[in-house]
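If you want the building blocks of each chain, they are given just below.
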Amino acid sequence: YRGCSFLCRNLFVIKTSGLVDAKISPIPLDPGYVKREEEGEALLTNYDYQKTIGKLLYIAINTRPDIAAAVSILSRKTNRPTQTDWNEVKRVVRYLKGTIEFRLRISQIGTRDGIIGYCDSDWAENKQDRKSNSGYVFTVNGGTVSWACRKQNCVSLSTTEAELIALSEATQEAIWLRLLLKELNDEQEVLVYEDNQSCLKLLAREQLSNRTKHICTRYHFTKDQINRGEVTCVYCPSEEMIADLLTKPLARMKIQKLVNMIGLTATI
């Protein structure tokens, strides 16, 4: 399990945030936050906000993928945070307090299923510039080893385009993981799950259409890796898409399901 050494850091974040006696939260970020993130008065100083976000980023990157989306979204407001933003940052800390016993499984005895990836996007989630969020998570032989939540650097005109951009980012990570394992004399096959049928059909076509010719570079990159056998992309139902946890705020029941699927478990 990964995260035992991070217990003290989690406790440190909770204590320095002044939330030792605060009520725990069942979710890291309110699903309605993206609709009201512009509400609230600006804080007099962003010092505490930036300091807390920095601590949470360290935890999210190293051992807690379940808070990665929340921290990524909130970190975009560090220049001029509002009271609403600060309340959500404290919610992340309160969520950590309630799940402080979680440990991330990075290995599973007897499992040899290679490199498995899950890729997803949330189309036009940002209300300011309408850019989408990309999320992916990779497991190696049953253990979660890599994950990311990022805002895409361009505006997508459809869900298919947003998914294709997210898939290209996941493909780059998959190639890196495969090369890393190859250096360790453990060459593995790569399987990436995608929940958008239109995206997979686009990759299977021989020619581009007028609707997708402007994204041909990313399209050809992903398709070339598939044709070379570096990566295999298959369909995954949205209900089983683990990467959904890394694209947007989710409701309590959905988070609990995906947290278990991603390998975060409570140990005594």
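Please read all numbers here as calculations on a predicted model, not as lab measurements. Along every chain, residues carry numbers that run from 1 in the direction the sequence is written. Reporting of local features is limited, given that this is a predicted model, to residues whose pLDDT is at least 70; pairs of side-chain atoms are given and counted only at 80 or more, and all residues count toward the totals for whole chains, interfaces and linings. Excluded from the side-chain calculations are hydrogens and water; all other atoms, namely the structure's heavy atoms, are used.

Colleague: Would you take a moment to explain the packing of aromatic side chains for this structure?
Modeller: What characterises a pair of aromatic rings is the spacing of the ring centres plus the angle enclosed by the ring planes. Two aromatic rings from Phe, Tyr or Trp, using only the six-membered ring of Trp, form a pair when their centres are within 6.5 Å; if the ring planes differ by under 30 degrees the pair is stacked, by over 60 it is edge-to-face, and anything between is tilted. Here the structure, examined in full by the defined rule, presents three aromatic pairs. On the numbers, 5.1 Å between centres and 25° between planes, the contact of Tyr-118 with Tyr-193 is stacked. Highlighted residues: Tyr-118 in strand 2 (residues 115–122) and Tyr-193 in strand 5 (residues 190–194), separated in sequence by 75 residues. Summary of the burial criterion: residues with accessible area below 20% of their type's maximum are buried, those above 50% are exposed, and those between are partly exposed, where the area comes from a 1.4 Å probe applied to protein chains only. On the basis of relative accessible area, Tyr-118 is assigned to the buried category, the value being 16%. Assessed through its relative accessible area of 23%, Tyr-193 is described here as partly exposed. Secondary structure follows DSSP: runs of H or I at least 4 residues long count as helices, runs of E at least 2 residues long count as strands, and numbering of each begins at the N terminus.

Colleague: In this structure, what is going on with helix 5 (residues 83–98)? I would like to understand it.
Modeller: In an α-helix, one turn spans 3.6 residues, which is why side chains three or four residues apart end up on the same side. Take the residue count of a helix, subtract one, and multiply by 1.5 Å to get its expected span. Look at helix 5: 23 Å from first C-alpha to last across 16 residues, which is about the 22 Å you get at 1.5 Å a residue. Taken together, the buried positions of helix 5 are occupied by Thr-84, Asp-85, Trp-86, Glu-88, Val-89, Arg-91, Val-92, Val-93, Arg-94, Tyr-95 and Leu-96. Only heavy atoms matter for contacts: two residues are in contact if any of them lie within 4.5 Å across the pair. Contact partners of the buried residues in helix 5: helix 1 (7–16), helix 2 (33–36), helix 3 (47–62), helix 4 (68–74), strand 1 (102–104) and helix 9 (252–262).

Colleague: How should I be thinking about the nonpolar core in this particular structure?
Modeller: A general tendency of soluble globular proteins is for nonpolar side chains to be buried together. With 46 residues, the main nonpolar core has Leu-56, Ile-67, Leu-74, Tyr-118 and Val-137 as its most contacted residues. Sequence-distant contacts of Leu-56, that is, excluding residues within four places in its chain, are made with Val-13, Ile-67, Val-71, Val-89, Val-92, Val-93 and Leu-96. We define the nonpolar core as a collection of buried residues of types Ala, Val, Leu, Ile, Met, Phe, Trp, Tyr and Cys that are connected through side-chain atoms lying within 4.5 Å of one another.

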